[in-house]
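Below are the chains, spelled out letter by letter.
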Amino acid sequence: APLASALLVALFFLFQRRLGASLRSALLAAALLGATSYVAAHSVYFLRHTPEAITILAAFEALFAYRQEGRLRDLTLGSLWASLTLLVAVPALVGLLPVAIYGLALLWPRLRAASRAGRLRLLACAALPALIVLAAHVVLNYQLWGTFLDSPMVAQRSRFSTPLLVGLSGFLLSPGCSIFVYSPLLLLLPWTLPPFWRARRAECMVAVAIALCLLLFCARFELWPGLWSAPGPRYLFVLTPVLLLPLGRWLDLPRSHATRVLLGGLAVLGLGIQLVL
């Protein structure tokens with residue numbers, strides 16, 4: 001678990017740099033994620049949430065690299081990381097949907113402009129990793145449970161009867177499971193999202209869409225708190241690194257004294273909460 005958390009923080013740092021944050025701000029953002037957010041608390045829990053955050057964030061980062069540089073290697077890595085989410089946790093595919101749409105949106109104009117051989121290469125890089133991982137998932141599932149797709153991971157698919165407002169208020173406002181209680185830095189979103197939207201509109205939409213998909217999906221689940229395994233909104237763990245992606249570039253911008261005090265206060269508060277946890 002600590003190694004997975006370290007890998008997530010390192011990946012977050014690399015993504016910050018690719019998004020244009022300076023070395024200093026990327027390091028500071030990564031340190032804040034690792035020490036003052038829900039990521040720190042999960043570094044002592046052997047659960048699926050950190051690995052699923054790694055696969056989703058790595059897929060997003062690789063596809064963004066593909067958008068910038070157009071290398072087939074990045075497209076292949078994006079497809080591979082996205083597909084590996086299936087082996088970590090089937091429900092996490094809900095949060096992967098915006099990343100998949102983002103990848104298809106990047107791929108489509110290149111397919112139209114490429115030659116026939118180029119199209120085959122593009123399709124192979126995008127589809128082969130997914131097909132290989134899907135085959136591995138089916139084989140493993142059959143060996144473990146005797147079924148091709150059904151498993152205990154999806155056995156609770158009929159248990160989505162919680163009123164939406166109940167789950168939403170729990171994840172956003174309750175003292176026991178609010179994402180803002182466990183990661184106070186998320187309260188900076190009104191300041192960090194607008195410049196991210198202006199600089200990287202498509203990536204901002206993907207990050208927000210990932211958060212909304214998981215939030216709306218998990219809020220309907222009967223057992224949405226998940227408190228038998230770890231304190232806090234563990235089903236929404238991915239939201240913390242994804243919604244903090246704008247932090248690095250924001251740290252590079254000129255800030256007022258009030259926002260600096262707010263940043264420091266939320267960081268200290270977050271560190272204290274992680275130590276208590």
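Just above sits the structure.
An account of the accompanying structure is given in this report. Not measured: the values here are computed from a predicted model.

1. Concerning the overall build of the protein
Thinking step 1. Scanning the protein from terminus to terminus reveals 14 helices and zero strands.
Thinking step 2. Tracing the protein from N to C terminus, the helices and strands come up as α-α-α-α-α-α-α-α-α-α-α-α-α-α.
Thinking step 3. Relative to the globule expectation of 19 Å for 277 residues, the C-alpha radius of gyration of the protein, 19 Å, shows essentially globular dimensions.
Thinking step 4. Each principal axis of the C-alpha distribution contributes one length, and for the protein these read about 55 × 45 × 35 Å.
Thinking step 5. Every one of the 277 residues in the protein was classed for burial, and the buried ones make up 46%.
Thinking step 6. Here the contacts in the protein between residues at least 6 apart in sequence split such that 77% fall between residues at least 24 apart.

2. Some words on helix H5 (residues 72–88)
For an α-helix the count is 3.6 residues per turn, leaving residues at separations of three or four pointing the same way.
Thinking step 1. Along its 17 residues, H5 runs 25 Å from first to last C-alpha, staying within 8% of the 24 Å computed at 1.5 Å per residue.
Thinking step 2. By the burial criterion, the buried members of H5 are Asp74, Leu75, Gly78, Ser79, Ala82, Ser83, Thr85 and Leu86. Along the axis of H5, the buried residues cluster in a sector spanning 165 degrees; they form a single face.
Thinking step 3. Those residues of H5 that are buried lie in contact with helix H4 (49–69), helix H6 (93–113) and helix H7 (116–145).

3. Comments concerning the nonpolar core
Thinking step 1. Of all hydrophobic cores here, the largest spans 72 residues; its most connected members are Phe12, Leu57, Phe60, Val99, Ile210 and Leu236.
Thinking step 2. Those residues within four positions of Phe60 in sequence are excluded, and the remaining contacts are Phe15, Val99, Tyr102, Glu203, Val206, Ala207, Ile210 and Leu245.

4. Structural notes on the side chain of Thr240
Thinking step 1. With respect to the helices, strands and loops of the structure, Thr240 is situated in helix H12 (residues 239–243).
Thinking step 2. Owing to a relative accessible area of 3%, Thr240 belongs among the buried residues under this scheme.

5. So, the packing of H5 against H6
Thinking step 1. The contact between H5 and H6 brings their axes to 10 Å, and the two run at 160 degrees. Between H5 and H6, the crossing angle belongs to the class labelled roughly antiparallel. When you trace H5 past H6, the crossing you get is left-handed. Across the interface between the two elements, Leu75, Ala82, Thr85 and Leu86 of H5 pack against Leu93, Leu96 and Leu107 of H6.

6. Regarding the side chain of Ser151
Thinking step 1. Residue position: Ser151 is located in the loop between H7 and helix H8 (164–172).
Thinking step 2. Looking at Ser151, the relative accessible area reads 10%, which means it is buried.
Thinking step 3. What Ser151 contacts, discounting residues up to four positions off in sequence, is Asn141 and Trp145.

7. Details of the pattern of salt bridges
Thinking step 1. The tally for this structure, following the rule as stated, stands at eight salt bridges.
Thinking step 2. Arg18 is the partner of Glu61 in a salt bridge, and the nearest nitrogen-oxygen pair spans 2.8 Å. Placement of the pair is Glu61 in helix H4 and Arg18 in helix H1 (residues 2–18), with a sequence separation of 43 residues.
Thinking step 3. Residue classification places Glu61 among the buried positions, given a relative accessible area of 15%.
Thinking step 4. Of the residues examined, Arg18 reaches a relative accessible area of 22% and is grouped as partly exposed.

8. Some points on the packing of aromatic side chains
Thinking step 1. Inspection of the entire model under this criterion finds 10 aromatic pairs.
Thinking step 2. Note on Phe15 and Phe60: the rings are 5.2 Å apart at their centroids and 90 degrees apart in plane angle, and the pair reads as edge-to-face. Here Phe60 lies in helix H4 and Phe15 lies in helix H1, a separation of 45 residues in the sequence. Across this residue pair, the class does not change: Phe15 and Phe60 are buried.
Thinking step 3. Just above the ring of Tyr66 sits the side chain of Arg110; from NZ or CZ to the centre is 4.5 Å.

Conventions we followed
- Residues numbered from 1 in each chain as written.
- Predicted model: local features only at pLDDT ≥ 70, side-chain atom pairs only at ≥ 80, totals over all residues.
- Heavy atoms only, no water.
- Helix = DSSP H or I, 4+ residues; strand = E, 2+ residues; numbered from the N terminus.
- Rg over C-alpha atoms; globule rule 2.2 N^0.38 Å.
- Buried < 20%, exposed > 50% of the residue type's maximum accessible area, 1.4 Å probe, protein only.
- Contact = heavy atoms within 4.5 Å.
- Expected span 1.5 Å × (residues − 1).
- Arc of directions from axis to C-beta.
- Core = buried A, V, L, I, M, F, W, Y, C linked by side-chain atoms within 4.5 Å.
- Axes fitted to C-alpha atoms, helices over the stretch in contact; angles between N-to-C directions.
- Parallel < 35°, antiparallel > 145°, perpendicular 65-115°, else oblique.
- Left-handed = near helix turned anticlockwise from the far one by under 90°.
- Salt bridge = Lys/Arg side-chain N within 4 Å of Asp/Glu carboxyl O.
- Phe/Tyr/Trp six-rings, centres within 6.5 Å; stacked < 30°, edge-to-face > 60°.
- Lys NZ or Arg CZ within 6 Å of the ring centre and 35° of its normal.

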